[in-house]
Amino acid sequence: MVATTPSLNKFEKLKAEKDGLAVRAELESFAQMGWEAMDNNDREHRLKWLGVFWRPVTPGKFMMRLRLPSGIITSAQLRVLGNILQRYGDEGSADITTRQNIQLRGIRIEDLPQIFAEMESVHLTSVQSGMDNVRNITGSPVAGLEAGELYDTRAMIQELQDKITNGGAGNPEFTNLPRKFNIAIAGCRDNSVHAEINDLAFIPAFKNEVFGFNIVVGGFFSAKRIEPAVPLDAWVPPEGVIPFSLAMLRVFRDHGLRANRLKSRLMWLIDEWGIEKLRSTVAAEYQLPLATAAAKDEIEWEKRDHLGVYAQKQEGLSYVGIHIPLGRLFAEDMFELARVAEIYGSGEFRFTVEQNGIIPNVPADRLDSLLADSLLQKFSIAPNNLTRSVVSCTGAQFCNFALMETKQQAEHFANQLADRVTVPEPVRFHWTGCPNSCGQPQVADIGLMGTKVRKDGKMTEGVDIYMGGTVGKDAHLGTCVMKGVACEDLLPVLEELLVKNFEGKIKV
Ligand code: SRM
Ligand code: SF4
């Protein structure tokens, strides 16, 4: 248990007063009293331990962030989410997140007991998805499907989530970390998880010809500081991934810095201790022999977006990646995704960190009918190179940190550019509404970070532009190349960047 001292920040005091998970027992009474009568800390902070987020932008309409290990969901689960959204009419919507997860919008406090019961009936949980908890654990969205994969990480990722959350019931052992904690486990050769931007990531690597994972630590984005993960010089076999992760979480929980929330992520502890001390402390907690890293890892492919039709390793089956613009879904879309997954596939659907979707397990004799299905008119398998790879955070529509509206702007500019310019390859645009960088502009070909700009004596929405982010093999972060471009001046700037850097040709 972490002691409260006067130097602790206000969130540490809040957690020490009452654990976030404690609000689960009070849901019925919250539902009866309504959001206005609730204690402020319960409403605005502790509910996040259940994945329920107060939205100051839309008071009374909460956001619910789920947990979807490896981004996998079933048709039955999609229908339950569709039913939840349907209650809220036009106010009910959902977003696929940059951690291959789902967030629901429009949620009313009075409905929470019923919503949780519906979710539990199909084994969906939102527990510990906000505040000082482990976020959705990312894995390859084609785990178990991909011919070239080295290890099918699905069961491992699910089991790790179950350990951290006590099977979705909530686990007080890991609900009071110093800060959020991101974990990614890669079993494919293309780094589809963005290992380098996680606090803890496992990267496939052979040590003395035995398969296992090299470990990198401390990657994070924040408004104050951006750091890629650094090697821990450690390797674990597959059966070591879960005990190692739990050991790391215990060390972070017990030794992570808690005085200043702006300096609490794992990298700040690495700064204070040095990587060797982190390694030896976690090794002692791990209680198994910890090998040094394998000399090379197996991330050898460029990152793919998985859009289109691809043969699976299972003879006669394909997976089909579909483009979901900005990751935005409504109730009807949930029902439609459930339908196509069921009638053309195996009743399973997957989400990617690019905020798109995958229908796995489509037999050859159903492929043509799937490709002719009306849903694929809306969610294309082959969008153009400028709209195809657009990622966007939530932005001002629902997020009070936002310095700009993101999703509509992202769509507007992508469509405008597609009308005016052709490029030979997809260009990856990432939009993020503020320096917290949820939309990961630092991994993009062209990253756009919301800011305020003074123009003609008035403050207006603008962006700082990032470039040079590479993903997949040898991933590295991009840097800011242009500051404070007003959105109204942005189109010609983007056109020029496409022409100069991406072989763009202006359409005549
Ligand atoms: Fe994030 C906070 C949305 C991925 C860095 N993030 C927030 C909040 C909760 C702020 C708030 O209360 O409004 C946003 C909720 C807005 C809303 O209504 O949706 C929010 N973050 C998101 C999502 C939904 C963006 C998206 O549209 O996809 C992503 C949810 C992922 C999930 O399923 O759990 C999301 N956030 C990220 C990522 C990307 C990633 O994980 O790969 C990052 C950068 C990586 C990292 O964390 O190191 C990220 N979010 C932050 C930060 C800065 C963290 C820090 O250490 O300072 C904050 C602010 C904070 O935690 O204090 C934040
Ligand atoms: Fe909100 Fe900023 Fe995150 Fe976008 S980057 S979701 S605006 S906190």
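Shown above is the structure to which this text applies.
Throughout what follows, the structure given in this document is the object of discussion. All values reported here derive from a predicted model rather than from experimental measurement.

Cut-offs and rules
Residues numbered from 1 in each chain as written. Chains lettered and ligands numbered in written order. Predicted model: local features only at pLDDT ≥ 70, side-chain atom pairs only at ≥ 80, totals over all residues. Heavy atoms only, no water. Helix = DSSP H or I, 4+ residues; strand = E, 2+ residues; numbered from the N terminus. Rg over C-alpha atoms; globule rule 2.2 N^0.38 Å. Buried < 20%, exposed > 50% of the residue type's maximum accessible area, 1.4 Å probe, protein only. Contact = heavy atoms within 4.5 Å. Areas by Shrake-Rupley, 256 points an atom, 1.4 Å probe, with all protein chains shown as cover. Lys, Arg positive; Asp, Glu negative; His and termini not counted. Charge placed at Lys NZ, Arg CZ, Asp CG, Glu CD. Near = heavy atom within 4 Å. Polar contact = N/O pair within 3.5 Å; in protein donor to acceptor, adjacent residues only side chain to side chain. Nonpolar A, V, L, I, M, F, W, Y, C, P; charged D, E, K, R; others polar. Domains from an automatic or database assignment. 1 Å grid on protein atoms, 1.4 Å probe; cavity = no way out; pocket = protein on both sides within 12 Å on 5 of 7 lines; lining within 4 Å. Points joined across faces, edges and corners; volume = space filled by probe spheres on them. Pairing = 2+ DSSP bridges. Axes fitted to C-alpha atoms, helices over the stretch in contact; angles between N-to-C directions. Salt bridge = Lys/Arg side-chain N within 4 Å of Asp/Glu carboxyl O.

Our next topic: the overall build of the protein chain. Counting secondary structure elements, the protein chain contains 14 helices and 24 strands. Relative to the compact-globule value of 23 Å for 508 residues, the protein chain shows a C-alpha radius of gyration of 22 Å, a close match. Out of the 508 residues belonging to the protein chain, those deemed buried represent 61%. Contacts in the protein chain between residues at least 24 apart in sequence constitute 68% of all its contacts with a sequence separation of at least 6. For the protein chain, the exposed area adds up to about 19600 Å²; of that, 51% sits on carbon and sulfur atoms. Of the side-chain charges in the protein chain, 56 are positive and 64 negative, and the distance between the mean point of each set is 5 Å.

With respect to the element layout, Ser192 can be found in the loop between strand E7 (183-185) and strand E8 (200-207). According to the relative accessible area criterion, Ser192 is buried, its value standing at 4%. Beyond its immediate stretch of four places on either side in the chain, Ser192 contacts Ser140, Pro141, Lys303, His306 and Val353.

Right, let's talk about the site of ligand 1 for a bit. Of all residues adjacent to ligand 1, which total 31 residues, the nearest are Arg55, Arg105, Lys180, Thr394 and Cys438. Taking Thr98, its main chain carries an N or O atom lying 2.8 Å from an oxygen atom of ligand 1. Here an oxygen atom of ligand 1 and a side-chain polar atom of Asn101 are 3.0 Å apart. Taken together, the elements giving at least two residues each to the shell around ligand 1 come down to strand E2 (62-65), strand E5 (102-107) and strand E10 (220-221). Taken together, the residues of the shell around ligand 1 sort by class into 10 nonpolar, 13 polar and eight charged. When residues of the shell around ligand 1 are assigned to domains, at least three map to each of domain 1 (10-286) and domain 2 (390-506).

Now for the site of ligand 2. Around ligand 2, the surrounding shell consists of Cys393, Thr394, Gly395, Cys399, Phe401, Ala402, Thr432, Gly433, Cys434, Asn436, Ser437 and Cys438. Taken together, the residues of the shell around ligand 2 break down into six nonpolar, six polar and no charged.

Here we come to empty space enclosed by the protein. Scanning the model with the defined rule gives two cavities of 30 Å³ or more in all. Considering only enclosed or pocket space, the largest cavity measures out at about 40 Å³ in volume. A per-class count over the lining of the largest cavity returns three nonpolar, five polar and one charged.

A word on the sheet that holds strand E3 (residues 72-74). Read across the sheet, five strands follow the order E3-E16-E17-E14-E13 without closing on themselves; strand pairing throughout is antiparallel. Strands at the two margins of the open sheet, each flanked by one partner only, are E3 and strand E13 (308-311). On average, adjacent strands in this sheet sit at an angle of 30° to one another, irrespective of strand direction. Pairing of strand E16 (residues 348-351) with strand E17 (residues 357-363), which is carried by two bridges, proceeds in the antiparallel orientation. Of the residues in E17, the one forming a bridge with Phe351 is Gly357. Along the sheet, helix H10 (residues 331-344) makes contact with strand E14 (317-322), E16 and E17, crossing E17 at roughly 20°.

Within this structure, the stated rule accounts for 46 salt bridges. We note a salt bridge from Arg105 to Asp95, for which the minimum N-O separation is 3.1 Å. Placement of the pair is Arg105 in strand E5 and Asp95 in strand E4 (residues 93-96), with a sequence separation of 10 residues. Taken individually, Arg105 and Asp95 each receive the classification buried, so the pair is uniform in this respect. One salt bridge connects Glu496 with Lys500, and the closest N-O pair in it is separated by 2.8 Å. Highlighted residues: Glu496 and Lys500, both in helix H14 (residues 490-501), separated by four residues, approximately one helical turn. Residue classification places Glu496 among the partly exposed residues on the basis of a relative accessible area of 45%. Salt bridges sharing partners connect three or more residues here, namely Glu17, Lys18, Glu26, Asp39, Asp42 and Arg46.

With mixed pairing, five strands are arranged side by side in an open sheet as E18-E20-E21-E22-E23. Taken across any chain shown, the strands that pair with only one partner, and hence form the sheet edges, are strand E18 (390-392) and strand E23 (479-486). With direction set aside, neighbouring strand axes in the sheet form an average angle of 25°. The sheet strands contacting H14 are strand E20 (429-432), strand E21 (446-455), strand E22 (458-467) and E23, and the helix crosses E22 at an angle near 10°.

Functional significance is not addressed by these values, which are geometric in nature.
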